[in-house]
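Descriptive analysis of the structure
The primary structure of each chain is shown beneath.
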Amino acid sequence: MKIENEIKLDFSDVLIRPKRSVLKSRSDINLEREFRFPHSKQIWRGVPIIASNMDTVGTIDMYEALRGYNMMTCFHKFMEENEYPKNDRDRYIISVGIGDRDYEKLLSIYKSDPLKCNLVCVDIANGYLEDLVKFCRRVREMIPNCILMAGNVVTREMVEELIINGKVDIVKVGIGSGSVCTTRIQTGVGMPQLSAIMECADAAHGCGGHIISDGGITCPGDASKAFGGGADFVMLGSMLAGHKESGGELVEEGEKKYKVFYGMSSSTAMNKHYGGVRNYRSSEGKTVKIEYRGDVSDTINDLLGGIRSTCTYVNSKNLKDLPKCTTFMRVNNQVNRIYG
Ligand code: 5GP
């Protein structure tokens, strides 16, 4: 047994220090970024915010809404082959697990239309498995120029392993941080998200790769903290749930409307997609109801407005410069008010 004494931080443990700024208006801030990836050699341009590959969030309707903002949607794994759109293919990501059926599905999509596999996410709850690295290498051999992302991990050595040996371009970072995730309760495993971002971004950038901060973003300020901490992309689940474009059943209780939102390892998801929770594993996700919030565009405008405002507070004229302009101050658990 070993103990690390250095304190690890979550978004709620810090605030961003304001700095003298010459920026006049939020509208002067550019939130678009351009990335060149180490293995695919492709260039991607857009606003680096991604809808999570949960079946309540990563839907076709979400893609239709987000592509107008130059953002991406990571489609959930249970989408049928013929549902993938034929247009704006750099605005969606196909996600798969690491089973033989996942490989066959990807191969079949690739053979029918290679451009649909321009962005691929290989994603499992425990990204520390050697099989993940092997699977990513097979995907890289199948589709040499795809923008390949994989996860989830939270530490330096596995980020390096995935980029160098898995031939991955972008590593997805976050274990236990998701709003409907119960991994920390069920297993005791995890890492506070801001520290995970800082460690993993440093490791990824050191070998030419990039990271996605996945999970735990509850409000625009958390997204700014993730970008300020070095995340290249952020992935959102609960912030995009509960809208017209989200999946999940609409429930009416008296005057109020809700949408059901659940983790992809919750018993709700396992019953829906696998016909039950297999007895060797326990559920590591929960099911909640989110008050219905209408069009996702209102939430997106609020999110982008918040991030732009952060940039003006710290004199960063674009998102790329935000980490350079960010100084975090440790605070005593800054509790966020309920968002939405
Ligand atoms: P949120 O933005 O809601 O805080 O987090 C979304 C992320 O939570 C997803 O992108 C995914 O990484 C993670 N997640 C989704 N469902 C589950 C689940 O059932 N269990 C766990 N451990 N994580 C989940």
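It should be noted that the structure appears before, not after, this text.
Residues numbered from 1 in each chain as written. Predicted model: local features only at pLDDT ≥ 70, side-chain atom pairs only at ≥ 80, totals over all residues. Heavy atoms only, no water.

Considering all chains together, one arrives at 11 aromatic pairs under this definition. Here the aromatic rings of F78 and Y274 are separated by 5.8 Å at their centres, their planes lie at 80 degrees, and the arrangement is edge-to-face. Here the residue F78 occupies a position in the loop between β5 (72-74) and β6 (92-96), and Y274 occupies one in helix α8 (residues 267-274), the gap between them amounting to 196 residues. Residue F78 is classed as partly exposed on the basis of its relative accessible area of 27%. (Phe/Tyr/Trp six-rings, centres within 6.5 Å; stacked < 30°, edge-to-face > 60°. Helix = DSSP H or I, 4+ residues; strand = E, 2+ residues; numbered from the N terminus. Buried < 20%, exposed > 50% of the residue type's maximum accessible area, 1.4 Å probe, protein only.)

Reading around the barrel, the eight strands line up as β4-β5-β6-β7-β8-β9-β10-β11 and close back on themselves, with parallel pairing between neighbours. Sheet twist, expressed as the mean angle between neighbouring strand axes with direction ignored, is 25 degrees. In the sheet, strand β4 (residues 49-51) pairs with strand β11 (residues 233-236) via three bridges, with the strands oriented parallel. Paired with I49 across the two strands is V234, which belongs to β11. Strand contacts of helix α7 (residues 220-228): β4, β10 (210-214) and β11, with the helix running at about 150 degrees to β11, the strand carrying the most contacts. (Pairing = 2+ DSSP bridges. Axes fitted to C-alpha atoms, helices over the stretch in contact; angles between N-to-C directions. Contact = heavy atoms within 4.5 Å.)

This next bit is on the site of the ligand. Around the ligand, the surrounding shell holds 21 residues, and the nearest of these are S52, S179, D214, S265 and E284. S52 is positioned such that a nitrogen or oxygen atom in its side chain is 2.7 Å from an oxygen atom of the ligand. Within the backbone of G237, an N or O atom sits 2.8 Å from an oxygen atom of the ligand. Within the complex, 91% of the 530 Å² of free accessible area of the ligand lies under protein. Each residue belonging to the shell around the ligand can be placed in one class, and the counts come to six nonpolar, 13 polar and two charged. (Near = heavy atom within 4 Å. Polar contact = N/O pair within 3.5 Å; in protein donor to acceptor, adjacent residues only side chain to side chain. Areas by Shrake-Rupley, 256 points an atom, 1.4 Å probe, with all protein chains shown as cover. Nonpolar A, V, L, I, M, F, W, Y, C, P; charged D, E, K, R; others polar.)

Once that is clear, we can look at the side chain of R89. Among the secondary structure elements, R89 is positioned in the loop between β5 and β6. Looking at R89, its side chain comes within polar contact range of the side chain of D113, at 2.4 Å. When residues no more than four places from it in sequence are discounted, the contact partners of R89 are D113, L115, K116, N118 and L119.

So, on to helix α9 (residues 296-314). For α9, with 19 residues, the first-to-last C-alpha span of 28 Å sits near the 27 Å given by 1.5 Å per residue. When we look at burial in α9, the residues that qualify are V296, T299, I300, L303, L304, G305, I307, S309, T310, C311, T312 and V314. Against the buried residues of α9 lie β1 (14-16), β4, α1 (60-66), α7, β11 and α10 (322-325). One or two steps after α9, the chain reaches N315, where phi turns positive at roughly 65 degrees. (Expected span 1.5 Å × (residues − 1).)

Attention now moves to helix α6 (residues 193-206). Between its terminal C-alpha atoms α6 stretches 20 Å, which fits the 20 Å expected from 14 residues at 1.5 Å a residue. Among all positions in α6, only Q193, L194, S195, A196, I197, C200, A201, A203 and A204 are buried.

This part covers the pattern of salt bridges. Tallying each qualifying case throughout the model produces 19 salt bridges. Measuring nitrogen to oxygen at the nearest pair gives 3.1 Å for the salt bridge that ties K77 to D123. Here K77, found in the loop between β5 and β6, pairs with D123, found in strand β7 (residues 119-123); they are 46 residues apart in sequence, far enough to count as distant. Members of the salt-bridge network, linked through shared partners, are K77, D123, K172 and D214. (Salt bridge = Lys/Arg side-chain N within 4 Å of Asp/Glu carboxyl O.)

Our next topic: the nonpolar core. Judged by nonpolar contacts, the single largest core of 82 residues is most densely connected at I49, L106, V120, V122 and L240. Sequence-distant contacts of L240, that is, excluding residues within four places in its chain, are made with A51, V57, M62, L66, S246, V296 and I300. With 15 residues, the next largest nonpolar core counts F37, M72, M149 and F233 among its residues. (Core = buried A, V, L, I, M, F, W, Y, C linked by side-chain atoms within 4.5 Å.)

Before going further, it helps to spend a moment on the packing of helix α2 (residues 100-112) against helix α3 (residues 130-142). Contact pair α2 / α3: the axes reach a minimum separation of 11 Å and the direction vectors enclose 15 degrees. Between α2 and α3, the angle is such that the two are roughly parallel. The way α2 lies across α3 gives a crossing that is right-handed. Facing α2, whose interface residues are D100, D102, Y103, L106, L107 and Y110, α3 presents F135, R138, V139 and M142. Class assignment for the residues of the contact of α2 with α3 results in seven nonpolar, no polar and three charged. (Parallel < 35°, antiparallel > 145°, perpendicular 65-115°, else oblique. Left-handed = near helix turned anticlockwise from the far one by under 90°.)

Further remarks concern the sheet that holds strand β13 (residues 256-262). Taking strand neighbours across the sheet as the criterion, the three strands line up as β12-β13-β14 in an open arrangement whose pairing is antiparallel. Bordering the open sheet on either side are β12 (250-253) and β14 (287-291), each of which pairs with just one other strand. When strand polarity is set aside, the average angle formed by the axes of neighbouring strands in this sheet is 40 degrees. Relative to β14, β13 runs antiparallel, the two sharing five bridges. Residue pairing across strands places Y262 opposite T287, the latter belonging to β14.

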